[in-house]
Amino acid sequence: MIAADNLRGKTSLLEIITLMLRGERRNLQADVLSWLEEVSLDVHINEQPLGFRLSLANSEITSGRVLSGKQPICSTATMQLLRRQLSSFKQIAPTTGPNGSALS
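First, a word on scope: everything that follows refers to the structure included in this document.

Rules of the game
Residues numbered from 1 in each chain as written. Predicted model: local features only at pLDDT ≥ 70, side-chain atom pairs only at ≥ 80, totals over all residues. Heavy atoms only, no water. Helix = DSSP H or I, 4+ residues; strand = E, 2+ residues; numbered from the N terminus. Buried < 20%, exposed > 50% of the residue type's maximum accessible area, 1.4 Å probe, protein only. Areas by Shrake-Rupley, 256 points an atom, 1.4 Å probe, with all protein chains shown as cover. Salt bridge = Lys/Arg side-chain N within 4 Å of Asp/Glu carboxyl O. Expected span 1.5 Å × (residues − 1). Contact = heavy atoms within 4.5 Å.

**Quick look at the overall build of the chain**
Moving on, step 1. What the chain contains, in helices and strands, is three helices and three strands.
Moving on, step 2. Shown N-terminal to C-terminal, the secondary structure of the chain runs as helices and strands in the order α-α-β-β-β-α.
Moving on, step 3. Looking at the chain as a whole, 32% of its 104 residues qualify as buried.
Moving on, step 4. Total accessible area computed for the chain in this model is approximately 7300 Å², and 51% of it derives from carbon and sulfur atoms.

In C-alpha cells, the structure reads:
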C-alpha cells in the first residue's frame, strides 16, 4: 500500500511502473521522465523472479531488458511478443537470465 499526502509522487511511481511494464509513458510528467536514467523493477510471479530493466537518455528509452530466474516463467510465444514490443526502442540489450543464459 502506498499512502502519502498530495503531491508526494504516488502517481509518478505508478506511472514509472507502467513505463517499465508497457514501455509507454502514458501520463508520466515530462519533468519526472527527464530525471530517469536507469530504472529497475523486480517482482515474483507464481514464485518465479522476474526483472525489468530500462535505460533512458533525454527522456527516451535506449534499452530494455526482461530477466527471469532459472525456470521459464512464460511461454516462448509470450517472450517473442515481449521482444517485439521492446524492439520499438532505439536499442535493445540482449535478454539474458541472471546466470547469463539466453532466454528462449
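**Quick word on the pattern of salt bridges**
Moving on, step 1. The tally for this structure, following the rule as stated, stands at three salt bridges.
Moving on, step 2. Here Glu24 makes a salt bridge to Arg22, at a shortest N to O gap of 3.8 Å.
Moving on, step 3. The residue Asp42 makes a salt bridge to Arg53 at a minimum N-O spacing of 2.9 Å. Highlighted residues: Asp42 in strand β1 (residues 38-45) and Arg53 in strand β2 (residues 48-57), separated in sequence by 11 residues.
Moving on, step 4. Note on Asp42: relative accessible area 55%, which makes it exposed.
Moving on, step 5. Judged by its relative accessible area of 27%, Arg53 falls in the partly exposed class.

**Describing helix α1 (residues 10-22)**
Moving on, step 1. In this model α1 runs 18 Å from its N-terminal to its C-terminal C-alpha over 13 residues, within 8% of the 18 Å that 1.5 Å per residue would give.
Moving on, step 2. Among the residues of α1, Ser12, Glu15, Ile16, Thr18, Leu19 and Met20 are the ones counted as buried.
Moving on, step 3. Of the surrounding secondary structure, the elements contacted by the buried residues of α1 are α2 (30-35), β1, β2 and β3 (60-68).
Moving on, step 4. One or two positions beyond α1, positive phi appears at Gly23, with a value near 75°.

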